[in-house]
Amino acid sequence: MNLFTKTVLKSLSIVSTIAQVLFAFAGLMLLFASGALLFVSKGLKTQLLQYTDLYSNTNLSVWFLVLSCLVALAIIACLFIIMYALNKMIGNIYEQHYFVSQNLKYLKLILISISSFTVLQFISQLFFAQAHAYNVSHIFSESWPSLLGCILLLAIVYTIYVVFKYGISLQDDSNNVI
């Protein structure tokens, strides 16, 4: 493995670790916010909602907002799991363990997490449509073409999964012959 590849893999490992920390922090803050929605008074809730695009629609129930927060928390959990599995897989590749069963396990975890992320993002878009709130998140686009992008990403990861699965079977055959 050349120096450029090692540098890129180390950089990706650092970026994925930073992303894990940020997603964990965001998840904790979202959990705190959804819990706080249950205990604040209606006047304070209205005051808090003025900082969001949901202020014009103040007839939303607290349970609707809490359920929306829980869906967002599940989305963040999916992203955390993706970064965790990616970090572990990068570590294996850095150590030149390419076609091992651990990488297949991490790819399967990434595949499940991306599938869950796509479904949860669809549910999130339905919630935003129900609340008549659009462009609430500046991080994730709440548009239907972004769902198509997630489905294409899912297809790409599935293709990589199939290639790794076949590579592992070839590696096992090669090890049995020798």
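Structure's up top.
Our subject in this report is the structure included herewith. What you are looking at is a predicted structure, and each value in this text was computed from that prediction instead of being measured. (Residues numbered from 1 in each chain as written. Predicted model: local features only at pLDDT ≥ 70, side-chain atom pairs only at ≥ 80, totals over all residues. Heavy atoms only, no water.)

## Side note on the overall build of the chain
We count it as follows: Each helix corresponds to a stretch of at least 4 residues labelled H or I by DSSP, and each strand to a stretch of at least 2 residues labelled E; elements are numbered beginning at the N terminus. In this scheme, a residue with accessible area under 20% of its type's maximum is buried, one over 50% is exposed, and one in between is partly exposed, where area comes from a 1.4 Å probe on protein chains only. For this analysis, residues touch if any pair of their heavy atoms sits within 4.5 Å.
Secondary structure assignment for the chain yields five helices and zero strands. Its helices and strands in sequence order give the chain the pattern α-α-α-α-α, from N to C terminus. Per-residue burial over the chain gives 32% buried out of 178 residues. For the chain, restricting intrachain contacts to residue pairs at least 6 apart in sequence, the fraction spanning at least 24 positions comes to 76%.

## Considering helix α1 (residues 3-39)
Note the following rule: Every helix has an expected span of 1.5 Å times one less than the residues it contains.
End to end, α1 covers 55 Å across 37 residues, agreeing with the expected 54 Å (1.5 Å per residue, within 8%). Listed as buried for α1 are Leu9, Ser13, Ser16, Ala19, Gln20, Gly27, Leu30, Ser34 and Leu37. In this structure, the buried side of α1 is in contact with α3 (62-94).

## With respect to the packing of α1 against α3
Note the threshold: For helices, the fitted line uses only the C-alpha atoms of the stretch in contact; every axis is such a line through C-alpha atoms, and the angle between N-to-C directions lies from 0 to 180 degrees. In what follows, roughly perpendicular refers to angles from 65 to 115 degrees, roughly parallel to angles under 35, roughly antiparallel to angles over 145, and oblique to any angle outside these ranges. Crossing handedness: left-handed means the near helix sits turned counterclockwise from the far one by under a right angle, and right-handed means the same turn made clockwise.
Packing of α1 against α3 brings their axes to within 8 Å, and their N-to-C directions diverge by 160°. Taken together, the axes of α1 and α3 lie roughly antiparallel to each other. Of the two possible hands of crossing, α1 and α3 adopt the one that is left-handed.

## A short note on the packing of aromatic side chains
What counts here: Aromatic pairing here means that ring centres of Phe, Tyr or Trp (its six-membered ring) are within 6.5 Å. Orientation follows from the plane angle: under 30 degrees is stacked, over 60 is edge-to-face, and everything else is tilted.
Inspection of the entire model under this criterion finds two aromatic pairs. Look at Phe99 and Phe164: their rings are 5.3 Å apart centre to centre, the planes differ by 50°, and that puts the pair in the tilted class. Of this pair, Phe99 sits in the loop between α3 and α4 (101-131) while Phe164 sits in helix α5 (residues 144-177), and the two are 65 residues apart along the sequence. Its relative accessible area of 35% is what places Phe99 among the partly exposed residues.

## Brief notes about the nonpolar core
For the record, the criterion: The set of buried Ala, Val, Leu, Ile, Met, Phe, Trp, Tyr and Cys residues whose side-chain atoms join them within 4.5 Å is what this entry labels a nonpolar core.
Formed by 24 residues in total, the largest nonpolar core has its most connected members in Ile75, Leu107, Phe117 and Val157. Elements supplying a minimum of two residues to this core: α3, α4 and α5. Among all residues touching Val157, those that are not within four sequence positions of it are Leu107, Ile110, Leu111 and Ile114. Grouped together as the second largest cluster of nonpolar side chains are six residues, Leu30, Leu37, Val66 and Cys69 included.

## Describing the environment of Cys78
The topology assignment puts Cys78 in helix α3. Measuring from C-alpha to C-alpha, the distance between Cys78 and Phe117 comes to 6.0 Å, with 39 residues separating the pair along the chain. Residues within four places of Cys78 in sequence aside, it is in contact with Ser113, Ser116, Phe117 and Leu120.

## Points about the side chain of Ser16
Mapped onto the secondary structure, Ser16 falls in helix α1. Taking the relative accessible area as the measure of exposure, Ser16 reaches 2% and is therefore buried. Beyond its immediate stretch of four places on either side in the chain, Ser16 contacts Met83 and Asn87.

## What about the environment of Lys165?
Position of Lys165 relative to the elements: it lies in helix α5. C-alpha of Lys165 to C-alpha of Asn103: the two residues are 62 residues apart in sequence and 9.3 Å apart in space.

## A short note on the environment of Ser115
Rules: Polar contacts, as counted here, are pairs of nitrogen or oxygen atoms within 3.5 Å of one another; within protein the pair requires one atom able to donate a hydrogen and one able to accept it, and residues that are adjacent in sequence qualify only if both atoms are side-chain atoms.
Note that Ser115 resides in helix α4. When the C-alpha positions of Ser115 and Ile151 are compared, they lie 8.1 Å apart, and in sequence the two are 36 residues distant. Within the local environment of Ser115, its side chain forms a polar contact with the backbone oxygen of Leu111, the two atoms lying 2.9 Å apart.

That's the geometry; what it means functionally is another story.
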